[in-house]
Every structure is written in structure tokens, then in C-alpha cells.
Amino acid sequence: VQLELEAGQPYDVLLKLRDDSLVLEDMPLANPNTTGYEGSVVVKGCNNWNGLNDKAALLDGVHGHTYFARPLLDWFMRYHELRHAAKSRRLPNPESYLAAVMAMNQVPVRQVGPDVFPFITGRLTAGLPGGAP
């Protein structure tokens, strides 16, 4: 948000990736018809743990503050309202919490497959060859 204010120009699109993300193929960010991010937040539909997969996200710039800042702000300032608005009223993991924050702040979310969102996590699994100790 600060960089947007300093430049006097809002971002069109934001891409959030973890440091261990792997990009499997090109993804044309300039074409919202391909990715469907315009006016929404796009996340992968797999491993969502009854919420939103938080490993990567492609979002319309207008939702940047809500996606990146509201989870922390709502935790401290609107937690009871958030719990009341949550589907199950339980928020047992970060994925369900993020889904509740997006819903309460009326952010449209699209969960898509790897054909649209070609990112995976490159974390090595313990006990496998080449894996973490």
C-alpha cells in the first residue's frame, strides 16, 4: 500500500508465492480472462483444509489490502464478528481463517486447478530420498 501511495498508481495485479514455490509453466498475468483474477482472489482448490489454500494467490490489486493486511487486523479488531460470520464458527487452521476473513470482507474468491494456476510447493518431505531430515 505504501508503494502504491508513493507512486500514485495502484497495482493492477498482485502475486503471492511462498519462498519454496515452483512455477511449472508460463502463466500470462496480463490476461485476466485466462487467470480470472479480475475483481477477485484466485487460489488453488487443492489442499484447502476446508478453507483457502494459502500457499499462493493471484489477486486483483483492489483486494491487496484485504488479503495481506485484514487477516491480522481482523484478528485483533473484529475477531468475535469474524467467528460469528465463519461457516462453522470454528477456525481450526490458517486456511479456514483466511476463508472467513475473505468472506466477511466480501472478497470474491475463485478456487482453480493446476491448469489455471501452475504453482506447487517445493518443500521436501522428511523420510524420502533427498527429503528433510
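Shown above is the structure to which this text applies.
Residues numbered from 1 in each chain as written. Predicted model: local features only at pLDDT ≥ 70, side-chain atom pairs only at ≥ 80, totals over all residues. Heavy atoms only, no water.

Enquirer: What should I look at first to understand the overall build of the chain in this one?
Expert: Helices and strands together make up the secondary structure of the chain, namely 6 helices and 6 strands. Contacts in the chain between residues far apart in sequence, at least 24 positions, make up 65% of those at least 6 positions apart. Looking at the chain as shown, the accessible area adds up to about 8500 Å², and 56% of this sits on carbon and sulfur atoms. (Helix = DSSP H or I, 4+ residues; strand = E, 2+ residues; numbered from the N terminus. Contact = heavy atoms within 4.5 Å. Areas by Shrake-Rupley, 256 points an atom, 1.4 Å probe, with all protein chains shown as cover.)

Enquirer: I keep staring at the nonpolar core and nothing clicks. Help me out?
Expert: Generally speaking, a soluble globular protein has its nonpolar side chains buried in company with each other. Within the largest apolar cluster, 17 residues are counted, with the highest numbers of intra-cluster contacts made by Val-41, Ala-57, Leu-59, Tyr-67, Leu-82, Leu-91 and Met-102. Secondary-structure elements contributing two or more residues to this core are β3 (41–44), β4 (56–60) and α6 (94–104). Each residue touching Leu-82, except ones within four places of it in the same chain, is listed here: Asp-74, Leu-91, Tyr-97, Ala-100, Val-101 and Met-104. Counting 9 residues, the second largest nonpolar core, distinct from the first, contains Val-112, Val-116, Phe-117 and Phe-119. (Core = buried A, V, L, I, M, F, W, Y, C linked by side-chain atoms within 4.5 Å. Buried < 20%, exposed > 50% of the residue type's maximum accessible area, 1.4 Å probe, protein only.)

Enquirer: For this particular structure, what's the right way to read unusual backbone geometry?
Expert: Its identity is not glycine, yet Asn-47 carries a phi of approximately 50 degrees, on the positive side. By the element assignment, Asn-47 lies in the loop between β3 and β4. Positive phi values are uncommon outside glycine, yet Asn-50 reaches one of about 60 degrees. The residue Asn-50 is located in the loop between β3 and β4 in this model. What makes Asn-50 exposed here is its relative accessible area of 76%.

Enquirer: Would you mind showing me how to read α6 here?
Expert: Note: α-helices contain 3.6 residues per turn, so residues at a spacing of three or four share the same orientation. The buried fraction of α6 amounts to 8 of the 11 residues, a majority that puts the element mostly inside the structure. When we look at burial in α6, the residues that qualify are Glu-95, Ser-96, Tyr-97, Leu-98, Ala-100, Val-101, Met-102 and Met-104. Along its buried surface, α6 packs onto α3 (64–68), α4 (70–77), α5 (79–85) and β5 (109–112). By the N-cap criterion, in which a side-chain oxygen at the helix start approaches the backbone nitrogen of a residue two or three places on, α6 is capped by Asn-93, the distance to Glu-95 being 3.2 Å. Positive phi appears at Gln-106, one or two residues downstream of α6, with a value of about 55 degrees. (Polar contact = N/O pair within 3.5 Å; in protein donor to acceptor, adjacent residues only side chain to side chain.)

Enquirer: How should I be thinking about the pattern of salt bridges in this particular structure?
Expert: Two side chains with opposite charge may pair up if their charged atoms get near one another. As enumerated under the stated definition, the model contains 4 salt bridges in all. With a closest N to O distance of 3.7 Å, Asp-74 and Arg-78 form a salt bridge. (Salt bridge = Lys/Arg side-chain N within 4 Å of Asp/Glu carboxyl O.)

Enquirer: Is there a simple way to explain the packing of aromatic side chains in this structure?
Expert: Between two aromatic rings, the relevant description is the distance of the centres plus the angle of the planes. This model, assessed by the stated rule, comprises 4 aromatic pairs. With a centroid separation of 5.1 Å and an interplanar angle of 80 degrees, the aromatic rings of Tyr-67 and Phe-68 are classed as edge-to-face. An aromatic cluster is defined as three or more aromatic residues linked by ring pairs; in this entry it consists of Trp-75, Tyr-79 and Tyr-97. (Phe/Tyr/Trp six-rings, centres within 6.5 Å; stacked < 30°, edge-to-face > 60°.)

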